[in-house]
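# Close look at the chain arrangement
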Amino acid sequence: MYHVAAYLRLSREDGEAEGCRTESNSIRSQREMLLSYIRNQKDMKLYDIYVDDGWSGVNFQRPGFERMMRDIREGRVNCVIVKDLSRFGRDYIEAGRLIQRTFPAFSVRFIALTDDFDSLTADYNAVSMVLPVKNFVNDSYSRDISVKVRSHQRVKREQGEFIGAFCAYGYQKSRSDRHVLVPDAYAASIVRLIFAWKLEGYSCSGIAIRLQKLGVLSPMEHKRWNGEHFQTGFMTGIQPEWSPAAVKRILENEIYIGTMVQGRAEKINYKIRESRRKPKEEWIRVEHTHEAVIPEEDYKLVQTLLQTDSRTVKGTKRVHRYAGILVCGDCLKPMVRRINRYKDTEMVHYICSTHNRGGDCGRHDIQETDLDEAIMTGLQSQIAAGMEQDRVIARLKKAVESGEELWSGGLREHYGPGSLIEIWKRETERLGREREQYSGLHSFLQEDVTNHVISEEEYHFFYDIYEKQYNGLGMTLERQKAMLPLLIQSAAQAEERLEHMKREPGIWTLDRVTLLTFIKRIRIYEDRRICVELRCRKAGGK
């Protein structure tokens, strides 16, 4: 009596070609064919059915196949039946090794129904000629399919169509066309906030900490809350896990300026699932494929800061306001910030980093107060001379009206739909609803244990989890409520500054955002000359 393993397989490519999905007609067809054959054999008894639906045949690392092989090794199965050799696998070498070496070693009979192959009755020609040729044809089919799929994907990438499974944080697939990206209102506002904080001088670690304290959902948790089938474990804590690495990935991603970048990695070959990273010059970049959420000017400025920003000021999560733009006029190395303290006073000054390390360059010493005065005077004179004054005022007006806060705190808000205040309201309501759900789960647990649906041990296990979630949501909700006064205050301050700008055009506060808005680089020379390279350009010059 043969104990039979009925093996069924359908790849995604096969399913799409046949108009099938999930537990498809093709799988059912295979099952019915195999079961009908087994019922008509007096010396066969079905042991189990092994299914790999949606798995490619180019390798044998499939859950159903691996489970079948374990049963073969443990002596539970001594016959394998498939619809045809292509359902068994499309790897020419491995399929031949299994059929001609492994199965005979375990005394396993192998039958491919539609290929009319039975290892029990096959003659020399069938084993040595027909079987290898059919396996080679199946292998070639997979290779051809792989080439066609890669070619098709490349065409779509070059046309700027999005072909990924999951969108970058800040975007979602358009409902009318899944190959087009549109901004996700909530996540896009957080992306703008991250870029604003970076421009203000916060480190990636400092930004991650601020997001965590505000209770902002991390990219992974945001995908989960949107119902995307993103692979993650059970959420054991309320605090979203923002990391410096996640913040940096967002800051470096060109997708936020409307540029689609795809093809960063590719499979080694059609038989191996692993991928390799491609050189940056081989990536496929297509500009203006979707709506940008970050101005290109701000994005380029952030890339410069990521390369030049130095360590944060002691006791803060921010760099000093001149970090990344203040350099030695001779060696072009960054200037080092030094603080001299005497009794109750302190004096801040900058020196050449090459000189500080004992290198061959002058000290180039300059006090911060002198530098501030020179830069302030220079910028005010430029604006007074009419250097794009109207553009500056218009930009500030647009910033306040659209919810951007350029001059303090990093919070960008307004009162209309999609604003941070509106988002604050929605998030507060969401947290409240979720907290009520966990409260209700407690009563359901009590009913389940009373009705013997779950054991006492399971009751206490889940009760502890729900209690932790309920209390954690309570703390997050309190922090969320404390944010509202800060949002309103920041909006009021922005409007007040705008009115002041209208009355007296000019610059009064020399903070980091002001410096980065107008200045690209400041050079300090040994004779205390200061050379300022401005960002604002007019036709024909700086």
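The following paragraphs examine the structure supplied in this document. Computed from a predicted structure; not experimentally measured. (Residues numbered from 1 in each chain as written. Predicted model: local features only at pLDDT ≥ 70, side-chain atom pairs only at ≥ 80, totals over all residues. Heavy atoms only, no water.)

## Observations regarding the sheet that holds strand S13 (residues 335-342)
The cut-off we apply is this: Two strands form a pair only when DSSP identifies at least two bridges running between them. Elements are defined by DSSP. Helices are runs of H or I of four residues or more, strands are runs of E of two residues or more, and each kind is numbered from the N terminus.
The strand order S13-S14-S15 describes an open sheet built from three strands, whose pairing is antiparallel. Both outer strands of the open sheet, S13 and strand S15 (366-367), are each paired with one neighbouring strand and no more. Judged from the eight bridges that link them, S13 and strand S14 (residues 345-352) form a sheet pairing that is antiparallel. Across the sheet, the residue bridging to Met 335 is Cys 352, located in S14.

## Regarding the sheet that holds strand S16 (residues 519-524)
Note the following rule: Lines fitted to the C-alpha atoms define the axes, with helices restricted to the stretch that makes contact. Angles between their N-to-C directions range from 0 to 180 degrees.
Taken in spatial order, the three strands of this open sheet run S12-S16-S17, and their pairing is mixed. Among the strands making up the open sheet, the edge pair consists of strand S12 (326-328) and strand S17 (530-534). Between one strand and the next, the sheet's axes are offset by a mean angle of 25°, whatever the strand orientation. Here S16 pairs with S17 via five bridges, running antiparallel. Along S17, the bridge assignment pairs Ile 522 with Val 532.

## A look at the pattern of salt bridges
As a reminder, the rule being used: Any carboxyl oxygen of Asp or Glu within 4 Å of a side-chain nitrogen of Lys or Arg constitutes a salt bridge here. Burial here depends on accessible area, computed with a 1.4 Å probe over protein chains only, as a share of the maximum for the residue type. Under 20% is buried, over 50% is exposed, and the range in between is partly exposed.
This structure, assessed with the given rule, holds 14 salt bridges. Across the pair Glu 94 and Arg 97 runs a salt bridge, and its minimum N-O distance is 2.4 Å. Here the residue Glu 94 and the residue Arg 97 both occupy positions in helix H5 (residues 92-105), the gap between them amounting to three residues, near one helical turn. Look at Arg 97 and you get partly exposed, because its relative accessible area is 39%. Measuring nitrogen to oxygen at the nearest pair gives 3.3 Å for the salt bridge that ties Glu 296 to Lys 300. Linking Glu 296 with Lys 300, this pair stays in helix H11 (residues 296-308), spanning four residues, or about one helical turn. Connected via shared salt-bridge partners are Asp 71, Glu 74 and Arg 76.

## Some details on H5
Note the cut-off: By definition here, a helix of n residues has an expected span of 1.5 Å times n minus one. The quantity called bend is, for any residue, the angle between two axes fitted respectively to the seven residues ending at it and the seven beginning at it.
For H5, spanning 14 residues, the distance from its first C-alpha to its last is 19 Å, which sits close to the expected 20 Å at 1.5 Å a residue. For H5, the principal kink sits at Leu 98 and spans about 40°. Residues of H5 that are buried: Ala 95, Gly 96, Leu 98, Ile 99, Thr 102 and Phe 103. Within two residues after H5, Ser 107 carries a phi angle of roughly 55°, on the positive side.

## Considerations on helix H3 (residues 63-73)
Spelled out, the test is: What the arc measures is the spread of directions leading from the helix axis to the C-beta atoms. By definition in these notes, contact holds between two residues if any of their heavy atoms fall within 4.5 Å.
Buried within H3 we find Gly 64, Phe 65, Met 68, Met 69, Asp 71 and Ile 72. Around the axis of H3, the buried residues are gathered within 160° of arc, so they sit on the same side. The secondary structure elements touched by the buried residues of H3 are strand S1 (2-10), strand S2 (44-53), strand S3 (79-82), helix H4 (85-88) and H5. Immediately beyond the C-terminal end of H3, within one or two residues, lies Gly 75, with a positive phi of roughly 80°.

## Side note on the packing of aromatic side chains
Short version of the rule: In summary, the pairing rule links any two rings of Phe, Tyr or Trp, Trp by its six-membered ring, whose centres are within 6.5 Å, and it sorts them by plane angle into stacked for under 30 degrees, edge-to-face for over 60 and tilted for everything else. Two thresholds decide whether a charge sits over a ring: the Lys NZ or Arg CZ must be within 6 Å of the ring centre and within 35 degrees of the ring normal.
What the rule picks out here adds up to 14 aromatic pairs. Seen from the ring of Tyr 525, Arg 529 lies directly overhead, with NZ or CZ sitting 4.3 Å from the centre.

## So, the state of the cysteines
Note the following rule: Disulfides are defined in this document as cysteine sulfur pairs within 2.5 Å.
Tallied over the entire structure, the rule returns zero disulfides. For Cys 331, which is in no disulfide, the shortest distance to another cysteine sulfur is to Cys 352 and amounts to 3.5 Å. With no disulfide partner, Cys 361 has as its closest neighbouring cysteine sulfur the one in Cys 328, 3.7 Å distant. Overall, Cys 361 belongs to the buried group, its relative accessible area being 15%.

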